[in-house]
Amino acid sequence: MSIRIAPSILSADFCNLERDLTRISHADLVHVDVMDHHFVPNLTLGEPIVRRICEVSAMPVDVHLMIEDPDRWAPGYAELGAKSVSFHMGATHAPVRLARQLRGMGCQACFAVRPAEPVEPIFDILDEFDMVLIMTVEPGFGGQKFLANQMDKVRRLRDEITRRGLDTHIQVDGGVNPSTARTVAEAGADVLVAGSAVFGADSPNTAIDEIRDHAQE
Ligand code: DX5
Ligand code: ZN
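Residues numbered from 1 in each chain as written. Chains lettered and ligands numbered in written order. Predicted model: local features only at pLDDT ≥ 70, side-chain atom pairs only at ≥ 80, totals over all residues.

Quick word on the site of ligand 1
Neighbouring residues of ligand 1: 22 residues in total, closest S8, L10, G142, G195 and S196. Listing elements by their share of the shell around ligand 1, those giving two or more residues are β2 (30-35), β8 (191-194) and α8 (196-199). (Near = placed C-beta within 6 Å. Helix = DSSP H or I, 4+ residues; strand = E, 2+ residues; numbered from the N terminus.)

Concerning the UniProt feature "binding site: substrate" (unreviewed entry) in the protein
As recorded in UniProt, the feature "binding site: substrate" (unreviewed entry) lies at S8, H64, G140, F141, G142, G143, D173, G174, G175, G195 and S196. The residue H64 is located in strand β3 (residues 61-66) in this model. Since 28 C-beta atoms lie within 10 Å of it, H64 is described here as buried. In this structure, H64 is in contact with H31, V32, D33, V34, S86, A112, L133 and D173, ignoring residues within four places of it in sequence. Following the sequence through the fold, D173 ends up in strand β7 (residues 169-173). Classification of D173 by C-beta neighbours within 10 Å gives buried; the count is 26. (UniProt positions renumbered as here; feature names shortened; annotations may be inferred. Buried ≥ 20, exposed ≤ 12 C-beta atoms within 10 Å, placed from the backbone. Contact = placed C-beta atoms within 7 Å.)

Describing the sheet that holds β3
As summarised here, the arrangement of the eight strands in space is β1-β8-β7-β6-β5-β4-β3-β2, forming an open sheet in which the pairing is parallel. Both edges of this open sheet fall to β1 (4-7) and β2, since each of them pairs with a single strand only. In this sheet, neighbouring strand axes are inclined to one another by 25° on average, regardless of whether the strands run parallel or antiparallel. Bridging between β2 and β3 involves six bridges; their strand directions are parallel. Directly across from V34, in β3, lies its bridge partner L65. On top of the sheet, helix α6 (residues 151-164) reaches β6 (131-135) and β7; it is set at about 170° to β7, its chief contact. Its contacts with the sheet put helix α9 (residues 204-215) on β1 and β8, and the angle it makes with β1 is roughly 145°. (Pairing = 2+ DSSP bridges. Axes fitted to C-alpha atoms, helices over the stretch in contact; angles between N-to-C directions.)

Details of the UniProt feature "binding site: a divalent metal cation" (unreviewed entry) in the protein
Mapped onto this structure's residue numbering, the UniProt feature "binding site: a divalent metal cation" (unreviewed entry) falls at H31, D33, H64 and D173. On the basis of their most widely separated C-alpha atoms, the annotated residues across 143 residues gather in one place, lying no more than 10.7 Å apart.

Digging into α9
Quick reminder: α-helices carry 3.6 residues per turn. Residues three or four places apart thus point the same way. If you check α9, its first and last C-alpha atoms are 17 Å apart, about what 12 residues at 1.5 Å a residue would give, namely 16 Å. Considering only its buried residues, α9 is in contact with β1, α7 (181-187), β8 and α8. (Expected span 1.5 Å × (residues − 1).)

Dropping the structure here:
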């Protein structure tokens, strides 16, 4: 399985975003965390900044919405040019309708699951999604400790995807670094988000290479 690495700009320098985007040229996607002070106790950025990121990024933009009422707001991010938009199980009212709306706009739909949420409820609607995001920290902040107890969830999801012959991607977000990458990939994830491990490194591209190498060992 080919592994894709998605650096999270949550750990980038928000006053030098364009510069930091050029420092992650070895990545496959750029992961943008949108937080609203309601769904999570943190506030980041919204449409005007995501618009500029989509315009200047050489890589496809993967938007992770940690906001209330994504049913209302997610299509706006698809319209700005995001390649994929993730919204949370605990925030959406009509996930199938929203996924179909996003896909109809040419955007990949992704369902996100917090650590305490089960993945099984998604199984009945799995074919409506391009990707499932398994959080390995409580959403809201970068630099938290990786929750290895989420790996069973990743394995159960990978088994279900394989059993049904689907091509759904599994993204893991939170605490991914060169030491945890192997565990994550072995469990069956193929899209690895890493924030502090990439932007906290002297060379973000070297950190990306290391995460990829360990994941593919
Ligand atoms: C946290 C965000 C993550 C965050 C990950 O809620 O969704 O994308 O940036 O940061 P690290 O890789 O530092 O755990
Ligand atoms: Zn994220």
